[in-house]
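Okay, here's what each chain looks like letter by letter:
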Amino acid sequence: MKVFLMSLLTFSVAACVGKSAAPNSGSPPVANPAGAGTANASGSLRETALPTKRKMGVALATYFMSDARYPALAAREFDSLTPENEMKWSATEPNPGQFSFEAGDRLVEFAEQHAMRVRGHTLVWHNQLSPWVKGLNESELKSAMLRHVERVASRWKGRIAQWDVVNEAVDDQGKLRQNSPFTALGPSYIADAFRAAHEADPNALLFYNDYEIEAYDSPKTRGAYELVKDLKESGVPIHGIGFQMHVDPRGWPSADEMQKNLERFAKLGLLLELTEIDVPLGEIPGDAERKLARQSELARGVVHACLAVPACTGLTFWGLTDKHSWLSTPEWGPKKGRGPHLPLLFDESYQPKPVYHGVLAELAGR
Ligand code: 9MR
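Presented here is a report on the structure given in the accompanying data block.

Quick notes on the rules
- Residues numbered from 1 in each chain as written.
- Predicted model: local features only at pLDDT ≥ 70, side-chain atom pairs only at ≥ 80, totals over all residues.
- Heavy atoms only, no water.
- Near = heavy atom within 4 Å.
- Polar contact = N/O pair within 3.5 Å; in protein donor to acceptor, adjacent residues only side chain to side chain.
- Areas by Shrake-Rupley, 256 points an atom, 1.4 Å probe, with all protein chains shown as cover.
- Pairing = 2+ DSSP bridges.
- Helix = DSSP H or I, 4+ residues; strand = E, 2+ residues; numbered from the N terminus.
- Axes fitted to C-alpha atoms, helices over the stretch in contact; angles between N-to-C directions.
- Salt bridge = Lys/Arg side-chain N within 4 Å of Asp/Glu carboxyl O.
- Buried < 20%, exposed > 50% of the residue type's maximum accessible area, 1.4 Å probe, protein only.
- Expected span 1.5 Å × (residues − 1).
- Arc of directions from axis to C-beta.
- Contact = heavy atoms within 4.5 Å.
- Left-handed = near helix turned anticlockwise from the far one by under 90°.
- Nonpolar A, V, L, I, M, F, W, Y, C, P; charged D, E, K, R; others polar.
- Phe/Tyr/Trp six-rings, centres within 6.5 Å; stacked < 30°, edge-to-face > 60°.
- Lys NZ or Arg CZ within 6 Å of the ring centre and 35° of its normal.
- Parallel < 35°, antiparallel > 145°, perpendicular 65-115°, else oblique.

1. Structural notes on the site of the ligand
By nearness alone, 13 residues border the ligand, and Glu84, Lys88, His121, Glu276 and Trp318 come closest of all. Between the ligand and Glu168, the relevant distance is 3.0 Å, taken from a nitrogen atom to a side-chain nitrogen or oxygen of the residue. When isolated, the ligand has an accessible area of 450 Å², and the protein chains bury 84% of it.

The following block contains the structure:
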C-alpha cells in the first residue's frame with residue numbers, strides 16, 4: 001500500500017512506461033486514503049463497468065494532483081482519463097512552433113501507471129487557442145494547423161487511444177461556426193485535420209466532438225450528423241463521434257431519445273463516446289433532496305442509453321468532484337439566484353453522492 005501511495009504522489013516524475021494500457025485489462029491495485037470516498041475498490045465504477053466493456057472516464061487536471069485524495073480516487077474509480085486543459089492549443093503551442101508537453105506528459109504517465117485509457121483533447125478548437133493563431137492569414141493558418149496536429153499527435157503516438165481531433169466546429173444552426181478562425185479555411189479543414197492526425201498516430205481512434213447534439217431533432221444535431229456522414233463517406237479517417245453531454249437538465253432528452261440518436265450515428269459505422277458528462281443541479285427544480293434524486297435519475301438515463309447501443313464505448317465525467325468542476329468556477333458558476341451546480345459524482349469532500357450510486361447501479365444492471 002505504501003509503495004502504491006508513493007507512486008501516486010510522485011506520478012509527475014515517474015518514468016513513463018511507453019505503452020498504452022490494454023482495454024479492459026483489469027484494475028490496478030487501489031488505494032483508499034482516509035477521506036477519499038467510501039466505495040470499496042471492488043465495487044468501483046471501473047470494476048463494475050468491466051463486464052459491460054465500457055470505459056468509465058474522468059477529466060483530470062495536473063493542478064489538482066497535489067491533494068493525494070484526487071489521484072487516488074480517480075485511479076480507483078475510472079479507467080479512462082481525459083486531460084481537461086493540458087493538451088489544448090494554448091497549453092501545447094503557446095508560441096509559433098514552440099511546443100510544451102510537460103503537463104500532458106504527466107497525465108499520460110499517470111494514466112499508464114493506473115491502466116487508464118487516454119482520450120486526447122483536443123487538436124483543433126476555436127477556444128483556448130494561442131492568441132497568435134488569430135493573426136494568421138489563411139495559408140499561414142492552414143500550415144499552422146497541420147503542423148500543430150502533426151506535432152501534438154506525434155508526441156503521444158501509440159499512447160493515446162482516442163483523439164478529439166476537431167472540437168465544436170458547428171454552431172446552433174448546424175453550420176460551420178463563424179467565431180472560429182478555422183472556418184475561413186472552408187469545410188475541408190476538418191478532413192485535413194483528421195488526415196494529419198491519422199498520419200501522425202495511425203492507431204489512435206479519431207473523433208469529432210461537440211455539445212448539444214444529444215437531442216434527436218435539432219438543427220445542430222442534424223448539422224453534426226451531415227458533417228460526420230460526409231467525412232465517413234469520403235473516406236476520411238474518422239472513427240467516432242463524441243457527445244459532450246453538457247446538458248441543461250430542464251431540456252435533457254429522455255434516455256429513449258438519446259438512445260435513438262446514438263443509434264442513428266452508430267449506423268454510419270462510427271464509434272460513440274459520451275465525452276464530458278455533467279448534470280448541473282442548479283437547473284433542477286425542487287429542494288436539495290429532490291435535486292439530488294433527479295440528478296441521479298438523469299445520469300442513469302445517460303448510462304442506460306450508452307449501454308443499449310453497442311457502438312457506445314465509454315462515458316467520461318467532466319471532472320472528479322464538485323470541487324473541481326468548471327461549473328464551480330466564478331466564470332461558469334450559477335447565475336444570480338440559482339443554487340450551486342454541483343454537477344459531478346463526488347461531493348467537495350470526495351464522498352460519493354446519490355448520482356454516483358445511481359450510475360453504479362445502472363452499470364450493474366440493478
Ligand atoms: O473544463 C474546461 C475549463 O477548465 C476551461 O476553462 C474551459 C475553457 O473553454 O474549457 C473547459 O472544458 C471544455 C471542453 O474543453 C470542451 N467542451 C466544453 C468544456 C466546458 O467548457
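2. Examining the sheet that holds strand S1 (residues 55-60)
Taken together, the eight strands give a closed barrel; going around it, the order is S1-S2-S3-S4-S5-S6-S7-S8, and neighbouring strands pair in parallel fashion. Taken pair by pair, the neighbouring strands of this sheet meet at an average axis angle of 25°, ignoring direction. As paired elements, strand S6 (residues 240-243) and strand S7 (residues 271-277) share four bridges and run parallel to each other. Bridge pairing in S7 places Gly240 opposite Leu271.

3. A word on the pattern of salt bridges
Taken as a whole and assessed by the stated rule, the structure comprises 19 salt bridges. A salt bridge links Arg119 to Glu273, with the shortest nitrogen-to-oxygen separation between them at 3.8 Å. Taken together, the positions of Arg119 in strand S3 (residues 117-124) and Glu273 in strand S7 put the pair 154 residues apart, joining distant regions of the chain. What makes Arg119 buried here is its relative accessible area of 0%. Looking at Glu273, the relative accessible area reads 0%, which means it is buried. Through salt bridges with shared partners, one network takes in Arg117, Arg119, Asp164 and Glu273.

4. With respect to helix H6 (residues 138-155)
The end-to-end C-alpha distance of H6 is 26 Å, a good match for the 26 Å that 18 residues give at a rise of 1.5 Å each. Of all the positions in H6, only Leu141, Ala144, Met145, His148, Val149, Val152 and Ala153 are classed as buried. Each buried residue of H6 sits inside an arc of 140° when the element is viewed along its axis, so together they form one side. The inward-facing, buried residues of H6 contact helix H4 (89-92), S3, strand S4 (162-167) and helix H7 (188-200). Sitting at the amino-terminal end of H6 is Asn137, which places a side-chain oxygen 3.2 Å from the backbone nitrogen of Ser139.

5. Observations regarding the packing of helix H9 (residues 255-266) against helix H10 (residues 288-308)
Axis separation between H9 and H10 bottoms out at 8 Å; the angle between their running directions is 35°. For the pair H9 and H10, the crossing hand works out as right-handed. On H10, the residues that touch Ala255, Met258, Gln259 and Leu262 of H9 are Gly301, Val302, Ala305, Cys306 and Ala308. Grouping the amino acids of the contact of H9 with H10 by side-chain chemistry returns seven nonpolar, two polar and no charged.

6. Some points on the packing of aromatic side chains
Summed over the entire model, instances satisfying the criterion amount to 11 aromatic pairs. Relative to Phe64, the ring of Tyr63 has its centre 4.9 Å away and its plane inclined at 65°; by these criteria the two rings are edge-to-face. Overall, the relative accessible area of 47% leaves Tyr63 in the partly exposed class. Phe64 sits in the partly exposed class, given a relative accessible area of 25%. Among the aromatic residues, those joined into a ring-pair cluster are Trp89, Trp132, Phe182 and Tyr189. Between Arg119 and the ring centre of Phe207, over which it is positioned, the NZ or CZ distance is 5.0 Å. For the cation-ring pair, Arg264 lies above Tyr225, with the distance from its terminal atom to the ring centre recorded as 5.5 Å.

7. Description of the side chain of His341
Mapping His341 onto the fold places it in the loop between strand S8 (312-317) and helix H11 (354-363). Look at His341 and you get buried, because its relative accessible area is 7%. Every residue in contact with His341, bar those within four places of it in the chain, is listed here: Val279, Pro280, Leu281, Gly282, Glu283, Gln295, Leu327, Trp332, Gly333 and Pro334.

8. Details of the packing of helix H8 (residues 219-233) against H9
To characterise two packed helices, one gives the angle between the axes of the helices and the distance between these axes. Relative to each other, H8 and H9 sit at 20°, their axes nearing to 11 Å. Between H8 and H9, the interaxial angle falls into the category roughly parallel. Read as a crossing pair, H8 and H9 show a hand that is right-handed. Contact with H8, carried on its side by Thr221, Ala224, Tyr225 and Val228, involves Asn261, Arg264 and Phe265 of H9 and no other residues of that element. Considered class by class, the residues forming the contact of H8 with H9 number four nonpolar, two polar and one charged.

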